[in-house]
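So you can see what is in the structure, the chains are spelled out below.
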Amino acid sequence: MREIDMFTPGPARIPIGVRLASVSTVLHHRSPEFRELYGRIHEGLRGLFRTSGEVLMLPSSGSGALEAVVVNTVTPGDRVLVLAAGKYGRRWAELCRTHQAEVRLHEVPDGTTFDPEAVRRELAAHRPRHLFLTHCETSTGVAHDVAGLAELGRRAGATVVVDSMTTIGVEPFLQDAWGVDFAVTASHKGLMSPPGAAFVSVGKQAWHRVRPTLGYSYWNFRHLRESALDRTVPNTPPVAALLAVAAGLDLIEAEGLENVWERHARCAAVCRAGLTALGLEPFPRAPQAAALSVALLPEDRRAERLVEQLPERFGLRIAAGQGGLKGRILRVGHIGAVAPLDLLPVLTALELLLLERGLADEPGRAAAAMAAELWQRTAPAGAARRVAAGAR
């Protein structure tokens, strides 16, 4: 049975055109063809980040991009404020400590978001040189208010660094308008491509925040920028992944970025309608991200191994909780090349497992709720009212 991963955009969910692009040709990274590819990706990503700054390409996973920002901005002894509400927010703190920053961790419970007044007080008391935060906390499904938090950071004179890994090409992110200095994403998220490439968007106003005396480093932004002037990179790039990224950008531009944002919002609403119909309580009380939907598992021994049985029984993979949320939540991803009806098999399979365990009452509730939500969001003007009137 072919397994389909509904949490990470793996090979089964990468559009066929993108997959073909990644294996269709081989380019030398000093060739005119690669320079053309570089320019295509750079301009496309500037549009996705909504920035007039520069986007640097890194041969790494997303975690490499996070560390690269820390390497290039944090000097030993720098005071840093990290906002954390889950695993990936806390990763910023771990990276900054590794690079000898003086870290102040402002942490709130998983599944919640930040009180702006509390953050303002932390900034005033700690006076950090840098503010690190996460847009979509994929360990909990919360979307934080980057615009408001970045404004607080700017007023305090801090560099604003955002992990936007699962929001670029998924939901609105306006780097220049929000005053974000550094933001990151990776090829295997909203760009619908194989893993291997990561990207750091450096705001036009942010270059003076980059360390001037870093010396040689694989992550040195100034070396990357120097190569970028010639539309290439200083080290061997993941050419196959970059070819796929260019094809993914073509798909996004053909659909229209605002339409892509709306499609992800529609997927999220449809998925959450299905989960609620199954009696699963939505987990985040805070604003929910468009990249995934999260629900609490029943506090019942019959719910054990529910998530693990989906790939075993149906070839469908979603994600369980992490850390303190292990065994307490499930996470359904709908990022990249996903349409609302693609989620129907996942919720139906989940419903069958719940029925088998005596944790649901009757089949078909998820599908009915999902169809109703999708109809309300996509029906022609007046059609939904006519159907409702006919039902009465």
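In what follows, the structure referred to is the one given above.
Owing to the predicted nature of the structure, the values given are computational and were not obtained by experimental measurement.

Student: In this structure, what is going on with the sheet that holds strand β4 (residues 102–107)? I would like to understand it.
Tutor: Through backbone hydrogen bonds, the strands of a sheet pair up, either in parallel or in antiparallel fashion. Here 7 strands make up an open sheet; going across it, the order is β2-β10-β9-β8-β5-β3-β4 and the pairing mixed. At either end of the open sheet lies a strand with only one pairing partner, and these are β2 (54–58) and β4. Each strand axis lies, on average, 20° off the axis of its neighbour in the sheet, ignoring direction.

Student: I keep staring at the sheet that holds strand β13 (residues 319–320) and nothing clicks. Help me out?
Tutor: Strand order in the open sheet made by the 3 strands is β11-β14-β13, with antiparallel pairing throughout. Edge positions in the sheet fall to β11 (292–296) and β13, since each of these pairs with one other strand and no more. Here β11 runs beside strand β14 (residues 329–333); their pairing, made up of 5 bridges, is antiparallel. Looking at β14, one finds that serine 293 is bridged to valine 332. Most of the contacts of helix α10 (residues 257–277) go to β11, to which it runs at about 20°, and overall it touches β11 and β14.

Student: Hey, could you run me through the packing of aromatic side chains in this one?
Tutor: How two aromatic rings sit relative to each other is given by the distance of their centres and the angle of their planes. Within this structure, the stated rule accounts for 5 aromatic pairs. Ring geometry for tryptophan 92 versus phenylalanine 132: centroids 4.8 Å apart, planes at 50°, classification tilted. Here phenylalanine 132 lies in strand β5 (residues 130–134) and tryptophan 92 lies in helix α4 (residues 87–98), a separation of 40 residues in the sequence. What makes phenylalanine 132 buried here is its relative accessible area of 0%. Aromatic side chains phenylalanine 182 and phenylalanine 221 sit 6.4 Å apart centroid to centroid with 35° between the ring planes, which places their arrangement in the tilted category. Of the two residues, phenylalanine 182 sits in strand β9 (residues 182–186) while phenylalanine 221 sits in helix α8 (residues 221–228), which places them 39 residues apart along the sequence. With relative accessibility at 0%, the residue phenylalanine 221 sits in the buried group. The rings of Phe49, Phe173 and Trp178 are connected pair by pair, giving a single aromatic cluster. Over the ring of tryptophan 207 we find arginine 225, and its NZ or CZ is 4.0 Å from the ring centre.

Student: Looking at this structure, I do not really get the packing of helix α11 (residues 306–314) against helix α12 (residues 344–356). What am I missing?
Tutor: Packed helix pairs are characterised by how far apart their axes lie and by the angle those axes make with each other. The N-to-C vectors of α11 and α12 enclose an angle of 115°; their axes lie 10 Å apart at closest approach. As the angle between them shows, α11 and α12 are arranged roughly perpendicular. Once α11 is placed against α12, the crossing between them reads as right-handed. From α11, Leu306, Gln309, Leu310, Arg313 and Phe314 reach across to α12, where they touch Ala349, Leu350, Leu352, Leu353, Leu354 and Glu356. For the contact of α11 with α12, the class distribution of residues is 8 nonpolar, 1 polar and 2 charged.

Cut-offs used in this document
- Residues numbered from 1 in each chain as written.
- Predicted model: local features only at pLDDT ≥ 70, side-chain atom pairs only at ≥ 80, totals over all residues.
- Heavy atoms only, no water.
- Pairing = 2+ DSSP bridges.
- Helix = DSSP H or I, 4+ residues; strand = E, 2+ residues; numbered from the N terminus.
- Axes fitted to C-alpha atoms, helices over the stretch in contact; angles between N-to-C directions.
- Contact = heavy atoms within 4.5 Å.
- Phe/Tyr/Trp six-rings, centres within 6.5 Å; stacked < 30°, edge-to-face > 60°.
- Buried < 20%, exposed > 50% of the residue type's maximum accessible area, 1.4 Å probe, protein only.
- Lys NZ or Arg CZ within 6 Å of the ring centre and 35° of its normal.
- Parallel < 35°, antiparallel > 145°, perpendicular 65-115°, else oblique.
- Left-handed = near helix turned anticlockwise from the far one by under 90°.
- Nonpolar A, V, L, I, M, F, W, Y, C, P; charged D, E, K, R; others polar.

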